[in-house]
Amino acid sequence: MDLIAATAQWLADPLNWQGPNGIPSRLMEHVALSGVSLLVAALIALPLGLWIGHTGRFSWWIVSTANAWRALPSFAVIGLLVPFTTVIDPDLGFTLYPTLVAMIVLAGPPILVNAYQGIAGVDGELVEAARAMGMKESQILFGVEIPIALPVLATGLRLAAVQVIATATLGATFGFGGLGRFIILGDANRDNGELFGGVVLVAMLALATLGAFLLLERRLVSTGLTRRAAG
Amino acid sequence: MTVRETGHARAASLEFHGVTKRYGRGESAHGAVNDLSFAVPAGAICVLVGPSGCGKTTSLKMVNRLIEPTEGQILLDGVNVMTENVTALRRRIGYVIQQVGLLPHLTVGRNVAIVPSLMGWSKQRQSARTDELLSLVGLDPERYRGRYPVQLSGGERQRVGVARALAADPPLMLMDEPFAAVDPIVRERLQDEFLRLQHELAKTILFVTHDIDEAIKMGDLIAVMEAGGRLAQFGSPDSVLAHPASDFVAQFVGEDRGLKRLSLVTIADLSLEPSAARPGLPTFGPGTKLRDALSVLLAADTSGGVALDDAGKPRGFVTVDAIASALAEGRGTVANP
Ligand SMILES: Nc1ncnc2c1ncn2[C@@H]1O[C@H](COP(=O)(O)OP(=O)(O)OP(=O)(O)O)[C@@H](O)[C@H]1O
Ligand SMILES: [Mg+2]
């Protein structure tokens, strides 16, 4: 009971909603860095996944590597990166860079693996029928394979987004901003209201992101793929 | 190579010259198609028929270059298909497969308009053509153009598949077991509709089936293939039934090949003793198949019936014996395509 009351009180306190350390600016930090990492990860992983899915080339090697990558704990990735990034910039190299790189590195595999599986899973007969109608390879990829694989592609992006939001939270341990700061500070100050307030905010952000992705998916995926077959 | 202007559509002639397809190399090499040669005149339906694995699909796919032949040439209107631009070639060859291959994320209308849109037709022309084709295959455009493939029955999907293949008015159609996925009653209706359609369109059609009855019904010409991708016999359905070239063909067309020929020959093909009207006896129009005439005669338990000419006047006296001897003499021949 105490915990809930303390959390509610912390969240309701107008002072916590102001200034550079307030909830809105920390939330913006969290969202901006997550967004940038997701975008960078998608720009690298999506084309690669689509290409190996369409051609089938190198798929075994790339997918196995990506899956092994996936098993790495975020915390270890950030820690391992610190020695390298501090060489580049002793200041930001300890805070922003390792977390950012870890976010990108960890968001890539689910995007890549799902893009590959989605495209490779499109019925070969269908692709051949498209080719037989005189579609060029790029027209097959963008006009047939991607639209049909969209639900799978979107799942990869959704998983990556949630992954990125979680990793950004861990980054606070390394002095990275974002909502994780509240958890670190709450813990350090033995302020349970702040600690659980931070947890609640991260959870809500993750849920909101999930919801946004699901809505977008519903809009983009053809009803021909989601409708149930005629009786 | 003659190119025949038929109605609003142009049809192309198709020739196979020593076409061979081998898979694998050295020891493991095996021929899927072996030295296949035949010619299909413009506007005819040629059916490739044979047991599973005899190379029918491979032969078909070499025409639109989904598969490249190891040896030999395929000429479309006298031009080797290997020398043409591959996408341009494919856009003027209609393609229908068993699973239809409709794109599930596009509506029926957009599916039918795929090739026209690839060819850059205006939206207006595309939608006019789509509606025209849906009506042609017996689907009300108002009801069907906005539906998705999952919302169609198997038979409706096949019709859309045929409409889509016809969209850009191709001079050649390739059809790989197009009616195999539907039940026998629907199949028969689709076959009849397709033959009626073909009567107007007069496309050149290469049609694959493993069902000899379908081959006899659909083909102006049939190419019987046997294991190893060899051509066992090529000719009109009636000549294949009447004179099988080998034991394999005789066995493949069936012990009942004599009976099968009854569906190919009509009353008009019989030469008969003249006859006056005979009240009480069954009458047969010139288009009546011998199979149906025989069935009527056996069921009615009469000595014979009266054949009518085009004007409905009595032309001759038809008996069970007359039908039997027509088949025996091989006199009843199907009109050439
Ligand atoms: N990619 C391939 N590699 C090796 N062999 C192949 C390949 N594709 C087909 N074959 C072989 O070629 C032969 C002919 O195959 P094809 O698909 O043309 O047969 P089909 O007459 O269409 O049979 P069905 O009636 O079962 O469809 C078969 O023995 C098949 O195993
Ligand atoms: Mg086949």
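Because the structure is predicted, anything quoted here is derived from the model rather than measured. (Residues numbered from 1 in each chain as written. Chains lettered and ligands numbered in written order. Predicted model: local features only at pLDDT ≥ 70, side-chain atom pairs only at ≥ 80, totals over all residues. Heavy atoms only, no water.)

*Asks:* Tell me what's going on with the overall build of chain B, and back it up with residues and numbers.
*Replies:* Secondary structure summary: chain B contains 14 helices and 15 strands in total. The globule rule puts the C-alpha radius of gyration for 337 residues at 20 Å, and the 22 Å found for chain B is close to it. For chain B, the spread of C-alpha atoms along the principal axes amounts to about 65 × 55 × 35 Å. Expressed as a percentage of its 337 residues, the buried residues of chain B come to 53%. Partitioning the contacts of chain B with sequence separation of at least 6, the portion at a separation of at least 24 is 65%. Here chain B holds 36 positive side-chain charges and 38 negative ones, and the gap between their average locations is 7 Å. (Helix = DSSP H or I, 4+ residues; strand = E, 2+ residues; numbered from the N terminus. Rg over C-alpha atoms; globule rule 2.2 N^0.38 Å. Buried < 20%, exposed > 50% of the residue type's maximum accessible area, 1.4 Å probe, protein only. Contact = heavy atoms within 4.5 Å. Lys, Arg positive; Asp, Glu negative; His and termini not counted. Charge placed at Lys NZ, Arg CZ, Asp CG, Glu CD.)

*Asks:* How would you sum up the pattern of salt bridges? Please name residues and give values.
*Replies:* Residue and element names in this part refer to chain B. Evaluation of the coordinates by the stated rule reveals 14 salt bridges over all chains. A salt bridge links Asp-131 to Arg-145; the shortest N-O distance between them is 3.0 Å. With Asp-131 in helix H5 (residues 123-136) and Arg-145 in the loop between helix H6 (141-144) and helix H7 (154-166), this residue pair connects regions lying 14 residues apart in the sequence. For Asp-131, a relative accessible area of 21% translates into the label partly exposed. Members of the salt-bridge network, linked through shared partners, are Asp-131, Glu-142 and Arg-145. (Salt bridge = Lys/Arg side-chain N within 4 Å of Asp/Glu carboxyl O.)

*Asks:* Please give an account of the domain arrangement of chain B that cites residues and values.
*Replies:* For an interface, size is often stated in terms of accessible area lost upon the parts coming together. Per the domain assignment, the segments of chain B are domain 1 (14-256) and domain 2 (265-334). One C-alpha centre belongs to domain 1 of chain B, the other to domain 2 of chain B, and the line joining them spans 35 Å. (Domains from an automatic or database assignment.)

*Asks:* Give a description of the sheet that holds strand S8 (residues 93-97) of chain B that names residues and reports values.
*Replies:* Residues and elements named next belong to chain B. Taken together, six strands build an open sheet; the order of strands is S8-S9-S10-S5-S11-S12 and the sheet is mixed. At either margin of the open sheet sits one strand with a lone partner, and together these are S8 and strand S12 (230-235). For this sheet the average axis-to-axis angle between neighbouring strands, irrespective of direction, equals 15 degrees. For strand S5 (residues 45-49) and strand S11 (residues 221-226), the ladder comprises four bridges, and the chain directions are parallel. By the bridge assignment, Cys-46 is partnered in S11 with Leu-221. H7 rests against S8 and strand S9 (172-176) of the sheet, and its axis sits at about 165 degrees to S8. (Pairing = 2+ DSSP bridges. Axes fitted to C-alpha atoms, helices over the stretch in contact; angles between N-to-C directions.)

*Asks:* Which residues make up the interface of chain A and chain B, and what are the values?
*Replies:* If you look at the interface, chain A gives 23 residues, while chain B gives 23 residues. Both faces combined, the contact of chain A with chain B buries some 2000 Å², and carbon together with sulfur accounts for 64% of it. For chain A, the biggest contributors to the area lost against chain B are Glu128(A), Ala132(A) and Met133(A); these three give 28% of the whole. Between Lys61(B) and Glu128(A) there is a salt bridge; the shortest N-O distance is 2.8 Å. Scanning the region where chain A abuts chain B turns up five residue pairs in polar contact (both at pLDDT 80 or more). (Buried area = accessible area lost by both parts, 1.4 Å probe. Polar contact = N/O pair within 3.5 Å; in protein donor to acceptor, adjacent residues only side chain to side chain.)

*Asks:* Could you give me a rundown of the packing of helix H3 (residues 59-70) of chain A against helix H5 (residues 96-120) of chain A, with the residues and numbers involved?
*Replies:* Residues and elements named next belong to chain A. At their nearest, the axes of H3 and H5 sit 9 Å apart, and the two run at 140 degrees to each other. Our classification of the angle between H3 and H5 gives oblique. Crossing of H3 over H5 shows left-handed handedness. Of the residues in H5, those in contact with Ser-59, Ile-62, Val-63, Ala-66, Asn-67, Trp-69 and Arg-70 of H3 are Val-105, Leu-106, Pro-109, Pro-110, Leu-112, Val-113, Asn-114 and Tyr-116. Tallied by class, the residues present in the contact of H3 with H5 amount to 11 nonpolar, three polar and one charged. (Parallel < 35°, antiparallel > 145°, perpendicular 65-115°, else oblique. Left-handed = near helix turned anticlockwise from the far one by under 90°. Nonpolar A, V, L, I, M, F, W, Y, C, P; charged D, E, K, R; others polar.)

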